[in-house]
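Letter by letter, the chains look like this.
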Amino acid sequence: MGFGPKWLGWMWSCIFSAKFSILVNGVPAGFFPSSKGLRQGDPLSPYLFVMGMEFEPVENITDLKPECCACTPASSSLSEFGKLDGISGCKVLVSSEEKLLFDDFINIICSFDPDILIGWDIQGGSLGFLAERASHLGIGLLNKISRTPSETKTASRNFEIPEKRVADEMLPENLVDDSVLLEEAIIEDEWGRTHASGVHVGGRIVLNVWRLMRGEIKLNMYTAESVAEAVLRQKIPSIRNRVLTKWFSSGPGRARYRSIEYVIQRAKLNFEIMNQLDMINRTSELARVFGIDFFSVLSRGSQYHVESMFLRLAHTQNFLAISPGPQQVATQPAMECLPLVMEPESGFYADPVVVLDFQSLYPSMIIAYNLCYSTCLGKVAPSKADVLGVSIYSPDPHALHDLKDQILLTPNGVMYVPSKARKGVLPRLLEEILSTRIMVKKAMKKLVPSQQVLQRIFNARQLALKLIANVTYGYTAAGYSGRMPCAELADSIVQCGRRTLENAISLVNTHDKWKAKVIYGDTDSMFVLLKGRTVKESFQIGHEIASAVTAMNPNPVTLKMEKVYHPCFLLTKKRYVGYSYESPDQIEPTFDAKGIETVRRDTCGAVAKTMEQSLRLFFEHQDISKVKVYLQRQWRRILSGRVSLQDFVFAKEVRLGTYSSRASSLPPAAIVAIKAMRADPRAEPCYAERVPYVVIHGEPGARLVDLVVDPLDLLAIDSPYRLNDQYYINKQIIPALQRVFGLVGADLYQWFSEMPRPVREVYAKHKSHAPNPYRTRIDFYYLSKHCILCGELSPASAHICDKCSKDGTAVAAAVIGRTAKLERDIQHLAAICRHCGGGDWIVESGVKCTSLACSVFYERRKVQKDLQGLSSVATEAGFYPKCMVEWF
DNA sequence: AGCCTCCCCTAA
DNA sequence: TAAGTTAGGGGAGGCT
């Protein structure tokens, strides 16, 4: 069998269980029983599984010490050191054939018996892949490494992949003819695929690090490289499987050593990331707080978390929860109340704006008004008799009569028992959560710096408590999938919150002394404009407002002065931006944006950066002409290609299999993903993976979906594509900024059209009659009709104008000088790469790192292209010997 | 051009 | 099988 794309991935999984690791460190001792053979703190020691390779010693790799192995693999020999291409720090097992390799793998796992297995991409690049391959060979891998192996595993033989995630017509033949027979129910369960990893090992926890990161940190892309940079502040190279395979199959020597070292680095990365984020301890803390098992914290929803706490408390009060069927849930009355979202008066505010918000508004409402399932007496005037939430209920008339003076009536017309008569379970739960959180925070402050471990645990605990308090409302309103929703109760919470906010707003608006005006509010927040006041005065008044509003509400409702904006823009509902001061002493304001392009991940860096910079300029000088100058400079840079492609990469989540079949086209990111899968079915993105793309030039009238390509395709040295600068400026940057600066009277379309055009010309019309693709590359890069030396206009066909051409020596000198400069640039960038996690070997072997997360990568490609273009032009004109560019 | 649907992402 | 909620803006593309 040949080495098709599919095999590349396999190769690496095979060699070092690629990106698959056995988690030993980080599990609290004794927390998970029976980690036999392992002690906490044992060094991580990767295992290297090698099949049928003849290993030879490598020069220069010395001082290797053999390490003894904890177990004795049945089928293969532990290789002697000195014969292993100089691989150190790991144990190497050599197997003569693939099946035996799996036997070793299974033996190692079973002898270590880990509680947790982690991998970067469990489904595609790690355990799931191994399992898939194993089943080809008739090995039930997941069953064999299970703690609860089943003997009768023949039942599920021969079942096919149950679902094709993409409609057949979108894929080429070879994607759907796959005859893989899955021996175990491994990959394709929809819920598992979309929420965890879809790979289950009995008795062990399988963690999909990629997906955990997605929930943990906010990034534009979740490649291992970008996560490593964000979490570990460590740059690591990205080497494609194709290159790794080439290195590895080059036989004993440096290249093979590099490839192995690289894969080992990837495997260790998972641990470093998990440790840095303290994932295991934090998840354990959540499990403890909620009273559920470890994996349920990660795999189950917040409904389950709330319920586990709620039910335990309910039982102590002698309550049982009702358990309505799905039909009952579906037929409960619709929710009627909406939170208050004011329509802001859009505009620029040069005066201070104070932002105040209620702390945990909904939990406060539940506590303050004793709102609970167990205290609800139903509607005052029921529209449908006896219906309450999902159940039938009508209050005992005698009880109503006895309580009639004390009954709490919420603004949506629902009655509740006062807490004197009966304290609700939800209020009790939330009170405990909030007071415990305060206790934990106090305890945290008392800790001395040396108690760092405790510090982290306490912090994790208080965050867990905050989290659970905030989703309790969601539990009562869980209409779609709810186990015990109650529309009236949820409505009461919303409406009490709304009334609380409305009262606060009208207090501020009608107060004589403050002379304040509420210009925006959303659910639990108030934006108060204080005309003509300073930031200091605004803090003063803000605190007065906060105490006055807090005082007029029942405990524990608290209005908190959050910050002062000075100045700010209010754009629309849920979109605003300003220079924020969090204390009166703060000198330098912080740039604080909500909902606009600078904080969104569906725009590219170019939009976010120009917008933030323009806003900063405007906030600082309040002079629109400065913004104009800045923007015109940026546009010129873009049009003349003096920008980094990194800022023009979009990355959006792709969910193959969820797109409506009716829609004629897929979203751009999905188009790019499908294109990649056509070349390599293993390139299928994980569910909700962020797939990068860029927009290129195309035929006039082309739709966007026809103009999107993988950034690497555009970066390729011989790429025929050109960045669609017009699209980025006209469809991305200008509309976004116009929405902001239009509010102060600017017309960015006008600014753009009156801007002097840069030197390059749009080349689209030439494209169709450029027969030789090799030629187009140079032409695309040197689109200019200007002389590359003097910049004067030259005849369309020449890159060097007549005047310059006459002086051959000067041209040669200029070309050589410029070439030398570019080569120095390349050396400089190579030096930077040498400090990257990859070390010298990346640089030695030429430019192979293709990390889209690394700005140096983009820079190198640009310089390379410049050099290539320059030398091609010069060679063509006869001024430059070809051999000087050969080393690329 | 206006309206609609789908899709993505964010605020709270 | 399990799945917290709603409100909201904005891009793209198709239809009338």
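How each quantity is defined
- Residues numbered from 1 in each chain as written.
- Chains lettered and ligands numbered in written order.
- Predicted model: local features only at pLDDT ≥ 70, side-chain atom pairs only at ≥ 80, totals over all residues.
- Heavy atoms only, no water.
- Helix = DSSP H or I, 4+ residues; strand = E, 2+ residues; numbered from the N terminus.
- Buried < 20%, exposed > 50% of the residue type's maximum accessible area, 1.4 Å probe, protein only.
- Contact = heavy atoms within 4.5 Å.
- Core = buried A, V, L, I, M, F, W, Y, C linked by side-chain atoms within 4.5 Å.
- Domains from an automatic or database assignment.
- Salt bridge = Lys/Arg side-chain N within 4 Å of Asp/Glu carboxyl O.
- Near = heavy atom within 4 Å.
- Polar contact = N/O pair within 3.5 Å; in protein donor to acceptor, adjacent residues only side chain to side chain.
- Nonpolar A, V, L, I, M, F, W, Y, C, P; charged D, E, K, R; others polar.
- Pairing = 2+ DSSP bridges.
- UniProt positions renumbered as here; feature names shortened; annotations may be inferred.
- Disulfide = S-S within 2.5 Å.

**Q** Tell me about the side chain of Thr850, residues and numbers included.
**A** Residue placement: Thr850 occurs in the loop between α32 (840-844) and α33 (855-876). On the basis of relative accessible area, Thr850 is assigned to the buried category, the value being 9%. In this structure Thr850 touches Ser238, Arg240, Leu712, Phe857 and Arg861, once residues within four positions along its chain are discounted.

**Q** Can you lay out the nonpolar core for me, pointing to particular residues and giving the numbers?
**A** Of all hydrophobic cores here, the largest spans 83 residues; its most connected members are Leu356, Met526, Phe527, Val528 and Ile545. When residues are assigned to domains, this core turns out to be shared by domain 3 (288-320 + 425-483) and domain 4 (322-373 + 376-421 + 485-595), each giving three or more. Discounting chain neighbours no more than four positions away, the residues touching Phe527 are Val353, Val354, Val355, Lys517, Val518, Ile519, Tyr520, Tyr565, Leu570 and Tyr576. Ranked by size, the runner-up nonpolar core spans 75 residues in total, among them Tyr579, Ile638, Leu723 and Cys854.

**Q** Give a description of the pattern of salt bridges that names residues and reports values.
**A** Scanning the model with the defined rule gives 29 salt bridges in all. Glu307 serves as the salt-bridge partner of Arg483, at 2.5 Å between the closest nitrogen and oxygen. A residue pair is termed long-range when its members are at least 10 positions apart, and Arg483 in the loop between α19 (452-476) and α20 (487-510) and Glu307 in helix α14 (residues 302-316) qualify at 176 residues. Given a relative accessible area of 47%, Arg483 falls into the partly exposed group. We note a salt bridge from Lys423 to Glu431, for which the minimum N-O separation is 2.8 Å. Lys423 sits in the partly exposed class, given a relative accessible area of 27%. On the basis of relative accessible area, Glu431 is assigned to the partly exposed category, the value being 33%.

**Q** Break down the protein's contact with DNA strand C for me, with residues and values.
**A** Gly301, Leu338, Lys573, Tyr727 and Arg739 are the nearest of the 23 residues found near DNA strand C. Of all DNA strand C atoms lying within 4 Å of any protein atom, the proportion belonging to sugar or phosphate reaches 74%. At 3.0 Å from a phosphate oxygen of DNA strand C is found a side-chain nitrogen or oxygen belonging to Arg300. In this structure, Ser302 approaches DNA strand C through a main-chain N or O atom, which is 3.1 Å from a phosphate oxygen. Secondary structure elements with two or more residues in the surface near DNA strand C: α14 and α26 (725-741). It is α26 that contributes the most residues to the surface near DNA strand C, 3 residues altogether. A breakdown of the residues in the surface near DNA strand C according to their chemical character gives 9 nonpolar, 7 polar and 7 charged.

**Q** So what's going on with the protein's contact with DNA strand B? Which residues, and what values?
**A** If you check the shell around DNA strand B, you find 19 residues, and the closest are Asp524, Tyr576, Gly595, Arg600 and Tyr659. In DNA strand B, atoms within 4 Å of the protein come from the sugar-phosphate backbone in 86% of cases. In the environment of DNA strand B, a base nitrogen lies 3.4 Å from a nitrogen or oxygen atom belonging to the side chain of Lys574. At 3.4 Å, a backbone N or O of Val599 approaches a phosphate oxygen of DNA strand B.

**Q** Can you explain the sheet that holds strand β13 (residues 414-416)? Please cite residues and give values.
**A** The antiparallel open sheet is built from 3 strands, whose spatial order is β9-β13-β12. Because the sheet does not close on itself, it has two edges, and the strands there are β9 (376-379) and β12 (408-409).

**Q** I'd love a proper account of the UniProt feature "domain: DNA-directed DNA polymerase family B multifunctional" (unreviewed entry) in chain A, names of residues and values included.
**A** Sites flagged by UniProt as "domain: DNA-directed DNA polymerase family B multifunctional" (unreviewed entry) map to residues 294-741. Summarising residues 294-741: 44% helix, 16% strand, and an end-to-end C-alpha distance of 50 Å.

**Q** Outline the state of the cysteines, listing residues and values.
**A** Applying the stated criterion to the full structure yields 0 disulfides. Cys486 supplies the cysteine sulfur nearest to Cys376, a cysteine that is in no disulfide, at a spacing of 5.4 Å. The structure places no disulfide on Cys854, whose sulfur is separated from the nearest cysteine sulfur, that of Cys849, by 5.8 Å.

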